[in-house]
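# Architecture at a glance
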Amino acid sequence: MSSLAVFGGEPIFSEKLHVGRPNIGNRQKLLERFNDILDRRWLTNAGKYVQEFERRVAEMIGVRHCIVMCNGTVALEIVIRAVGLKGEVIVPSMTFIATAHALQWQEITPVFCDIDPKTYNLDQKRVEKMITPRTTGIIGVHLFGRPCDTEALAEIARRRKLKLLYDAAHAFGCSYQGRMIGSFGDAEMFSFHATKFFNTFEGGAIVTNNDELAAKIRLMKNFGFAGYDNVIYIGTNGKMSEVSAAMGLTGLESLDEFISVNHRNYREYKRELESIPGVQFMTYDETEKCNYQYIILEVDEQTIGISRDQLVEVLHAENILARRYFYPGCHNMEPYRSYFPHTGLLLPETERIAKRVVALPTGTAVGPEEITAIRQIIRLAVENGHQIRERLLQKNP
Ligand SMILES: Cc1ncc(COP(=O)(O)O)c(C=O)c1O
């Protein structure tokens, strides 16, 4: 135990291992596209690469429309406005802060709803209880790429006349009941941020089968321009640049490769970690399409003696930069914490899960050898949980 870096030993990794390392795809192909963009001097504003990227994504998801944007947050803000959400919207708190901010930014109140501890997604039984006369919609988040209960949410939305959107930032390339995520609800949003397994540096998209909504979103993301000198709607600047679209097209050509690296890592981690008592390994439904981009462990402090945070401290000292996604939950961050200081009382599962989950490094940064080493550290920490806890408490009283 004394060899652990947290107690002064050498870190097991000399370089930091991050949760994800950006995928690039075929560099030569990417540079050819960049050169073509520079030669053609068409850098943005619905150029050839943006148009082709939109066509390819729509085809892959099986939807009528894909509108790519500068990032996922702006895409979310625009679709929220385009479907006419106002008043209150039901969202999980167990998500990245952008889901809530995209609403509050437009003075719409995010009403945080608790999650199902088995899926970490909106608990449909609780959604209905959160509806008030001010509620106009629901935004489900397919957390870590695992699908929401889309049937149950659609049924509630239909019956209560609410709009239904999905934040599918984590779920590009995933399916549910054989249908690609991106084709559910009124519209869905993807993020192509550099931290995602598929990226366009910065970027995002809205996908939908609704022609009218798509037309409105296209106007809104380009200042409302309907032609030269003709603005017919309020809008903003949500456009994706040509270099980002070129990155997206290049990445799409290697998507299967990116996923197979994640899948290999997932299988390795699963084999290594599934049998350790007190740490629950998050599994994916392998009969569906999955991107396997998050490796998630749930730590049971009662069983192993150390908390999730102490395990993270041990891992960080070894240069394994595990992350506490999405601690402490949006409701415990500003401005929501000040606006509604007691929301946590309504979110017992969110509070519990946010203190237990940890995301481990994956993607091309790790392979079987690294995973075996990470497993050794986790096993050592778990098997000596009580002693480690005592020593950590002595170290930082
Ligand atoms: C669940 C979720 N929603 C929204 C976003 C925001 O996307 P972007 O960073 O592309 O603005 C992210 C991550 O970045 C996310 O993880």
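Scroll up a little and you will see the structure.
Residues numbered from 1 in each chain as written. Predicted model: local features only at pLDDT ≥ 70, side-chain atom pairs only at ≥ 80, totals over all residues. Heavy atoms only, no water.

### Side note on a nonpolar patch on the surface
For clarity, the threshold we go by: Each patch is built from residues lacking any salt bridge and having more than 30% relative accessible area; the joining distance is 9 Å for like charges and 5 Å for nonpolar side chains (Val, Leu, Ile, Met, Phe, Trp, Tyr). Residue-level accessible areas treat just the shown protein chains as cover; the underlying method is Shrake-Rupley with a 1.4 Å probe. We define a salt bridge as a side-chain nitrogen of Lys or Arg found within 4 Å of a carboxyl oxygen belonging to Asp or Glu. Helix numbers and strand numbers start at the N terminus; a helix is a DSSP run of H or I with at least 4 residues, a strand a run of E with at least 2.
The grouping of Phe 223, Phe 225 and Val 231 at the surface amounts to a nonpolar patch, some 260 Å² of accessible area in total. Inspection of the secondary structure assignment puts Phe 223 in the loop between helix H7 (211–220) and helix H8 (242–253).

### Brief notes about the packing of aromatic side chains
As a reminder of what qualifies: When the centres of two rings from Phe, Tyr and Trp lie within 6.5 Å, Trp using its six-membered ring, the rings pair. Their planes under 30 degrees apart give stacked, over 60 give edge-to-face, and anything left gives tilted. Lysine and arginine charges are scored as sitting over a ring when NZ or CZ, respectively, is within 6 Å of the ring centre and within 35 degrees of the ring normal.
As enumerated under the stated definition, the model contains 22 aromatic pairs in all. Here Tyr 325 and Phe 326 contribute two aromatic rings whose centre-to-centre distance is 4.9 Å and whose plane-to-plane angle is 15 degrees, an arrangement assigned as stacked. Ring-pair connections join several aromatic residues into one group, and the members of that group are Phe 96, Tyr 120, Phe 144, Tyr 294, Tyr 325 and Phe 326. Taking the ring centre of Phe 184 as reference, the NZ or CZ of Arg 179 above it sits at 4.1 Å. The ring centre of Phe 7 lies 4.2 Å from the NZ or CZ of Arg 391, which sits over that ring.

### Topic: the pairing of strand S1 (residues 65–69)
Just so we agree on the cut-off: Classification of residues uses two cut-offs on accessible area relative to the type maximum, computed with a 1.4 Å probe and protein chains only: under 20% is buried, over 50% is exposed, and between them is partly exposed. One requirement defines pairing of two strands: DSSP has to find at least two bridges between them.
Counting buried positions along S1 gives 5 out of 5 residues, so the element sits mostly inside the fold. The two faces of S1 match: His 65, Ile 67 and Met 69 on one face and Cys 66 and Val 68 on the other face are all buried. Here 5 bridges tie S1 to strand S9 (residues 204–208), and the two strands are oriented antiparallel to one another. Within S9, the residue paired with His 65 across the bridge is Thr 208.

### Description of the nonpolar core
To keep things clear, this is the line we draw: Nine residue types can take part in a nonpolar core, namely buried Ala, Val, Leu, Ile, Met, Phe, Trp, Tyr and Cys, and a core is a set of them joined through side-chain atoms within 4.5 Å.
Within the largest apolar cluster, 104 residues are counted, with the highest numbers of intra-cluster contacts made by Phe 53, Tyr 120, Phe 144, Phe 172, Leu 360 and Ile 378. A total of 7 residues in this core trace back to one element, the largest contributor, which is helix H14 (residues 368–383). Within the second largest apolar cluster, 32 residues are counted, among which are Leu 76, Ile 78, Ile 80 and Ile 97.

### Regarding the site of the ligand
Heads up, the rule is: Any residue with a heavy atom lying within 4 Å of a molecule or strand is counted as near it. Residues adjacent in sequence count toward polar contacts only when both atoms are side-chain atoms; beyond that, a polar contact is any pair of N or O atoms within 3.5 Å, and within protein one must be able to donate a hydrogen and the other to accept it. All residues other than Ala, Val, Leu, Ile, Met, Phe, Trp, Tyr, Cys, Pro, Asp, Glu, Lys and Arg, Gly among them, are scored as polar; the first ten of these are nonpolar and the last four charged.
In the vicinity of the ligand lie 15 residues, with Gly 72, Thr 73, Asp 167, His 170 and Ser 191 positioned nearest. Between the ligand and the protein, one listed contact pairs an oxygen atom with a backbone N or O atom of Gly 72 at 2.8 Å. Between the ligand and Asp 167 there is a distance of 2.7 Å, counted from a nitrogen atom to a side-chain nitrogen or oxygen. Here the ligand loses 93% of its free accessible area of 380 Å² to cover by the protein chains. Where the shell around the ligand is concerned, the elements lending two or more residues are helix H3 (72–82), helix H4 (97–104) and strand S8 (187–191). For the shell around the ligand, a count of residues per class yields 4 nonpolar, 9 polar and 2 charged.

### Regarding the sheet that holds S9
Condition: The axes used here are C-alpha line fits, helices contributing only the stretch in contact, and every angle between their N-to-C directions lies in the interval 0 to 180 degrees. In this description, contact between two residues means that some pair of their heavy atoms is separated by no more than 4.5 Å.
Read from one edge to the other, the open sheet built from 7 strands follows the order S1-S9-S8-S5-S4-S2-S3, with strand pairing classed as mixed. Both outer strands of the open sheet, S1 and strand S3 (109–113), are each paired with one neighbouring strand and no more. With direction set aside, neighbouring strand axes in the sheet form an average angle of 25 degrees. One ladder, built from 4 bridges, connects S8 with S9; its direction is antiparallel. Bridge pairing in S9 places Ser 191 opposite Gly 204. Here helix H6 (residues 150–159) sits on the sheet and contacts strand S4 (135–141) and strand S5 (163–167); the angle it forms with S5, its principal contact strand, is near 150 degrees. Strands S1, S8 and S9 of the sheet are contacted by H7, whose axis makes an angle of about 20 degrees with S1.

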